[in-house]
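Coordinate inspection notes
Take a look at the letters that make up each chain.
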Amino acid sequence: MTKKSISDIDVRGKRVLMRVDFNVPQSANGRIADDRRIRMALPTINHILNGGGRLVLMSHLGRPTGEGPEADVRWTLAPIAERLGELLGKGVVFAKDCVGPAAENAVASLQDGECCLLENLRFHKAEQIKDKAATKDIAQRREKDAFAQGLASLGDVYVNDAFGTCHRDNASMLTVPQMMAEKPRVAGFLLEKELQYLGSALNAPERPFLAIIGGKKVSDKMMVIETLLGKCDRVLIGGAMVYTFMRANGQETGASLVEEDRIEVARQLQSLGGEKLVLPTDVVTARAIEEGASFEVFQGMIPEGLMGLDIGPDTARRFSEMISGAKTIVWNGPMGVFEVKPFDVGTFTVAHALAEATKNGATSVIGGGDSAAAIEMAGLSEQVSHVSTGGGASLEFMEGKSFQAVEILDDL
């Protein structure tokens, strides 16, 4: 990576303002359902604390209205502060706001080696004001700048360890480091790892290079499919987008999800990819998405009233064989409705094939989102090379887009 890392600077006695992505899933009662994103930030957090830094963490959580903590109490980061303290084995100061007196007093109380978590950034609308909108509206620009200045005043060093939001121009991601131009602005270990694995996989892969792309919509993935067709030896297609490709080939798809306005795009992608683009030869179908539902497997077409919900056994076997022969593998998107049995078989077969290929020397990168959830559910997240913390970010990275939030960090 060409950007400075947290390991390149001395943090002792300094206030280290660090953007993390603690946007973790929660149950209805507010309990953390999956703390993986918190755990993934621990190497950087421990490095700073052990180095004598005074760590100030900031993150968003969920989609609050921006009216403040009173209006959006369910999105408070207080439970995350508690869980982080458990993982660190020490107390974490929790500030009841991310700017203003509450934040300033919490930060001022820190001693070397201590940690503070600020309240949800998105309790302030200014966090998500887009740069394009702000350039057209002076009042919005001032609001975003004032908010960012309040955050920037809390740190002597800026650290970006939030790959999952690097594709956004949020105040904490871009405006804050812009305002800290005279201070160190570096990458955390997680961001460094994300860029290393995704970058090397896409730009210097050991071949054969294989991509597995799933998910619901061709419209969500068409740019990444087009990009990968120019880089990969094979691109395997799964998920509900398969049925748009089937329609592009003149096949009946029953009640399956089809993007009617993307049928021509699917045709063009097949023409562009040729033999590189590999579609399923059979699919698992049912009348409803229900646990334990009866299902049928069809090749070539889907009868009326049935919907495709997973790749079929022949396709799962073929995909596994192709994965076993690859040296670099990128996976983004499930093969079916993996959250509901029996439509999880295709996704978990692919997950096990990836783990086996990794054991045999391949580099495997899981592109966040549903794929990360699936590999976790399969109990295989420690048996692949890297599981990204960024769904949308990893997708845009694979499309070849640059991230301003990374570009602004200090060069080596």
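Above: the structure in question.
We now turn to the structure provided with this report. This structure is a prediction, so every number in the text was calculated from the model and none was measured.

Overview of the nonpolar core
Formed by 72 residues in total, the largest nonpolar core has its most connected members in Leu-118, Leu-151, Ile-225, Val-235, Ile-237 and Phe-245. Take this core: its biggest share by element is 6 residues, from helix 10 (residues 241–248).

Structural notes on unusual backbone geometry
With an omega dihedral of 5°, the bond running from Arg-207 to Pro-208 counts as a cis peptide bond. Within the secondary structure layout, Pro-208 lies in the loop between helix 8 (189–203) and strand 7 (209–213). Following Lys-341, the chain continues into Pro-342 via a peptide bond in cis, with omega recorded as 10°. Tracing the chain through its elements places Pro-342 in the loop between strand 13 (328–332) and helix 13 (345–359).

Details of the sheet that holds strand 12 (residues 307–311)
In space, the 3 strands of this open sheet follow the order 11-10-12, with antiparallel pairing throughout. The sheet is open, and its two edges are formed by strand 11 (296–298) and strand 12, each paired on a single side. Pairs of neighbouring strands in the sheet enclose a mean axial angle of 40°, with direction left out of account.

Looking at the state of the cysteines
Applying the stated criterion across every chain, the model contains 0 disulfides. Distance from the sulfur of Cys-98, which forms no disulfide, to the nearest cysteine sulfur (Cys-116) is 11 Å. We classify Cys-98 as buried; its relative accessible area is 0%. Looking at the unpaired Cys-166, the closest cysteine sulfur is the one in Cys-98, lying at 19 Å. For Cys-166, a relative accessible area of 1% puts it in the buried group.

Things to note about the packing of helix 9 (residues 218–229) against helix 11 (residues 263–273)
At a minimum axis distance of 11 Å, the contact between helix 9 and helix 11 shows a crossing angle of 15°. The angle between the axes of helix 9 and helix 11 places the two elements in the roughly parallel class. The handedness of the crossing between helix 9 and helix 11 is left-handed. From helix 9, Val-218, Met-222, Ile-225, Glu-226 and Leu-229 reach across to helix 11, where they touch Val-265, Leu-269, Leu-272 and Gly-273. Among the residues making up the contact of helix 9 with helix 11, the classes are represented as 7 nonpolar, 1 polar and 1 charged.

Rules used throughout
Starting from 1, residues in each chain are numbered consecutively following that chain's sequence as written. Since the coordinates come from a predicted model, pLDDT governs what is reported: local features require at least 70, and pairs of side-chain atoms require 80 or more to be given and counted, while whole-chain, interface and lining totals use all residues. In computing side-chain values, all of the structure's heavy atoms are included and hydrogens and water are not. Working definition of a nonpolar core: buried Ala, Val, Leu, Ile, Met, Phe, Trp, Tyr and Cys residues. They are joined through side-chain atoms within 4.5 Å. Each residue is placed in one exposure class: buried if its accessible area under a 1.4 Å probe, protein chains only, is under 20% of its type's maximum, exposed if it is over 50%, and partly exposed if it falls in between. Here a strand is any run of E in DSSP of at least two residues, a helix any run of H or I of at least four, and the numbering for each starts at the N terminus. Each pair of strands is called paired provided DSSP finds at least two bridges between the two strands. Note on definitions: angles span 0 to 180 degrees between N-to-C directions of axes, and those axes are lines fitted to C-alpha atoms, for helices only across the stretch in contact. When two cysteine sulfur atoms are found within 2.5 Å, that pair is recorded as a disulfide. Note on angle classes: values under 35 degrees are labelled roughly parallel, values over 145 roughly antiparallel, values of 65 to 115 roughly perpendicular, and the remainder oblique. Left-handed is the label given to a crossing in which the near helix is rotated counterclockwise from the far helix by less than a right angle, and right-handed is the label when the rotation is clockwise. We call two residues in contact when some of their heavy atoms are within 4.5 Å. Charged residues are taken to be Asp, Glu, Lys and Arg, nonpolar residues to be Ala, Val, Leu, Ile, Met, Phe, Trp, Tyr, Cys and Pro, and polar residues to be all remaining types, Gly included.

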